[in-house]
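Remarks on the overall topology
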Amino acid sequence: MASIVAPVLFIQCLLSILLTTTLAAPINITRETFRTCRPGDWVGIPADCCPPKVIKGPIVDFCPQHDASKPLRVRKALQCLSGHELKTYTRKLERGYALMRALPDSDPRSFKRQNAIHCAYGTGSFIQDGSTNLTIDIHLNWHFLPWHRMFVYFHEKILQKLLGDPEFSLHFWNFDNSVTATPRHGSRGCYKAGHFVPPMYNDPSKATFEANRSFMAFEPNRAVDLAFDLSQWNPAVGPPTFPNNTVEEQTRMNREIMHRSMITLANTTNFIGKAYRVGDARIVNPAAGAGTIELWPHITLHTYIGGWMLQPITAPIDPIFYPFHANMERLWSVWRKLGYGNDDPTDPDWLDATFLFWDENAVMRRVKTRDFVDLNALGYRYEEVNDASWIFFDNSTSPGAP
Ligand SMILES: [Cu+2]
């Protein structure tokens with residue numbers, strides 16, 4: 001039997017290589033992509049953030065390797081950390097960021113260089129394989145969710161390495177949950193609302209603080225606005241008006257937004273975002289390419305936080321970027337479990353899209369989307385939280401609902 005199976009597998013493999021190179025054309029980042037990187041832009045704002053043109057050393061394929069006999073690490077909800085656990089976590093994160101910021105710019109793991117790589121991937125600085133003018137962007141299309149999961153994954157790995165703690169987990173900002181509920185019997189999850197900016201990210205004495213944010217982010221008792229209107233920041237449409245909702249009004253709107261983005265509007269195509277392959281022009285209009293949660297709450301919350309977070313050129317300079325994006329990718333895994341036929345694309349141009357990231361040892365890794373769809377294979381999971389706060393949002397029971 002084996003003598004028949006082996007040649008068949010070999011032929012299948014050969015065929016898939018032939019098909020990959022001749023028909024399908026997933027986005028593929030290579031040494032050449034780095035070599036040909038050039039200054040890009042975001043909505044006309046110039047960005048000069050290319051990494052060094054020559055990648056030193058080998059490029060090593062990334063394979064998720066979680067030992068199934070070991071428990072999964074847990075990324076917890078920030079609003080439920082307290083006492084000793086909160087103290088320990090804050091201390092570790094403080095140290096991690098101090099060490100990361102102290103790395104020289106020549107080290108691709110430095111805080112600054114991590115921002116630069118997000119900038120290069122998000123400003124059309126990379127040119128598509130074999131093209132002279134078609135660029136690459138990991139926003140406003142179907143690469144948004146997997147690429148940012150990869151980005152946060154390597155950020156966490158670098159923190160683990162700097163801290164000498166392979167069990168360190170980057171906890172998440174559960175901004176979508178605005179109802180404090182009684183934990184279910186026997187549940188060890190977090191049932192506290194998370195709609196305020198997490199205090200450790202708003203404390204000027206902490207390494208996780210960033211002063212360059214909108215005033216709204218610092219107002220005590222102001223619930224974040226997941227419906228915040230980007231056009232408010234455009235001087236052409238007049239001076240911005242800022243929402244003045246009560247916490248109750250705002251969080252009801254937030255639950256409605258979440259319900260729409262995760263359920264009502266979120267079939268697979270709408271949720272994941274528009275296909276984006278070699279040969280496609282960069283999508284610049286958010287509504288033309290972004291998936292539902294990339295639009296709301298992602299773009300809206302970036303805009304609401306403001307400052308560095310306003311644009312992809314600078315967003316990861318604000319440390320809140322990371323727990324914010326951890327929650328974004330948590331929402332992706334929640335969406336998959338909701339039912340309604342929700343599932344990831346099976347298109348090889350999505351699954352075989354290939355990106356390059358420096359890992360915790362400053363080694364360049366070749367990473368495919370297909371390796372980042374299963375959290376368990378990556379060795380972590382998210383703490384259970386009160387997603388029911390928006391899953392069961394019911395317009396009809398909300399006074400004043402539009
Ligand atoms: Cu981004």
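Once a new chain begins, its residue numbering starts again from 1 and follows that chain's sequence as written. Side-chain atom pairs in this predicted model are given and counted only at pLDDT of 80 or more, local residue features only at pLDDT of at least 70, and totals for whole chains, interfaces and linings cover all residues. Working from all heavy atoms in the structure, the side-chain values ignore hydrogens and water.

Whenever a pair of cysteine sulfur atoms sits within 2.5 Å, that pair is classed as a disulfide. Summed over the entire model, instances satisfying the criterion amount to three disulfides. Here Cys49 pairs with Cys119 through a disulfide, and the sulfurs are 2.0 Å apart. Residues Cys49 and Cys119 are joined through a disulfide that is left-handed, its torsion about the S-S bond being -75°. Highlighted residues: Cys49 in the loop between strand S2 (45-47) and strand S3 (59-61) and Cys119 in helix H4 (residues 111-121), separated in sequence by 70 residues. Note on classification: 1.4 Å probe, protein chains only; a residue is buried when its accessible area is under 20% of the maximum for its type, exposed when over 50%, partly exposed between these limits. Taking relative accessible area as the criterion, Cys49 reaches 10% and is therefore assigned buried. Helix and strand definitions here come from DSSP, where helices need a minimum of 4 consecutive H or I residues and strands a minimum of 2 consecutive E residues; each element is numbered from the N-terminal end.

Moving on to the pattern of salt bridges. We define a salt bridge as a contact between a side-chain nitrogen of Lys or Arg and a carboxyl oxygen of Asp or Glu at a distance within 4 Å. For the structure shown, the criterion picks out 24 salt bridges. Linking Arg75 and Glu329 is a salt bridge whose minimum nitrogen-to-oxygen distance equals 2.9 Å. Separated by 254 residues along the polypeptide, Arg75 in strand S4 (residues 73-75) and Glu329 in helix H10 (residues 321-337) bring together distant segments of the chain. Each member of the pair, Arg75 as well as Glu329, is classed as buried. For the salt bridge of Asp387 with Arg330, the shortest nitrogen-to-oxygen distance reads 3.1 Å. With Asp387 in the loop between strand S7 (380-382) and helix H13 (388-391) and Arg330 in helix H10, this pair connects stretches of sequence that are 57 residues apart. Given a relative accessible area of 2%, Arg330 falls into the buried group. Each of Arg73, Arg75, Arg149, Glu156 and Glu329 takes part in one network of salt bridges that share partners.

Turning next to the sheet that holds S3. Strand order in the open sheet made by the three strands is S3-S6-S5, with mixed pairing throughout. With partners counted over all chains shown, the strands left at the sheet margins are S3 and strand S5 (354-358), one partner each. Strand after strand, the sheet turns through a mean of 35° between neighbouring axes, direction not considered. The pairing criterion for strands is at least two bridges between them, as found by DSSP. For S3 and strand S6 (residues 364-368), the ladder comprises three bridges, and the chain directions are parallel. Across the sheet, residue Ile59 finds its bridge partner in S6, namely Met364. In this analysis, axes come from line fits to C-alpha atoms, helices being fitted only over the stretch in contact, and the angle between any two N-to-C directions falls in the range 0 to 180 degrees.

Further remarks concern H10. For a helix, the expected span equals 1.5 Å multiplied by the residue count minus one. An ideal rise of 1.5 Å per residue puts 24 Å on 17 residues; H10 measures up with 25 Å between its terminal C-alpha atoms. For H10, the buried fraction is high: 15 of the 17 residues fall into the buried class. Once H10 finishes, Gly339 follows within two positions and takes phi at roughly 95°, a positive value.

With 18 residues, helix H6 (residues 247-264) should reach 26 Å at 1.5 Å per residue; the first-to-last C-alpha distance of 24 Å fits that figure. Those residues of H6 lying buried are Gln250, Thr251, Arg252, Asn254, Arg255, Glu256, Ile257, Met258, His259, Ser261, Met262 and Ile263. Any pair of residues with heavy atoms lying within 4.5 Å of one another is described as a contacting pair. On its buried side, H6 packs onto helix H7 (268-272), helix H9 (292-305), H10 and H13.

Attention now moves to the pairing of S6. Relative to S6, S5 is paired through five bridges, and the arrangement is antiparallel. Across the sheet, the residue bridging to Thr354 is Lys368, located in S6. Between the end of S5 and the start of S6, which pair antiparallel, lie five residues, with Ala362 showing a positive phi angle near 60°.

Buried Ala, Val, Leu, Ile, Met, Phe, Trp, Tyr and Cys residues that are joined via side-chain atoms within 4.5 Å together make up what is termed a nonpolar core. Among the nonpolar cores identified, the biggest contains 102 residues, and Trp173, Met262 and Phe355 are the most heavily contacted of them. Not counting residues up to four positions away in its chain, the partners in contact with Met262 are Phe271, Ile293, Leu331, Val334, Trp335, Leu338 and Trp390.

What follows covers the UniProt feature "domain: Tyrosinase copper-binding" (unreviewed entry) in the chain. UniProt positions are given in the numbering used here, feature names are shortened, and annotations may be inferred rather than shown by experiment. Using the residue numbers shown here, the UniProt feature "domain: Tyrosinase copper-binding" (unreviewed entry) corresponds to residues 139-156. Summarising residues 139-156: 72% helix, 0% strand, and an end-to-end C-alpha distance of 21 Å.

On to the environment of His118. As for its placement among the helices and strands, His118 is situated in helix H4. Spatially, the C-alpha atom of His118 lies 9.9 Å from that of Asp137, the residues being 19 residues apart in sequence. Here His118 is in contact with His139, Trp147, His148, Phe151, Pro312, Pro316 and Phe321, once residues within four sequence places are set aside.

Within the fold, Asp137 resides in the loop between H4 and helix H5 (144-163). Exposure remark for Asp137: the relative accessible area of 4% places this residue in the buried category. A distance of 2.8 Å separates a polar side-chain atom of Asp137 from the backbone nitrogen of His139. Apart from residues no more than four positions distant in its own chain, Asp137 is found in contact with Tyr121, Gly122, Thr123, Tyr276 and Arg282. We call two N or O atoms a polar contact when they sit within 3.5 Å, provided that within protein one can donate a hydrogen and the other can accept it, with sequence-adjacent residues counted only if both atoms are side-chain atoms.

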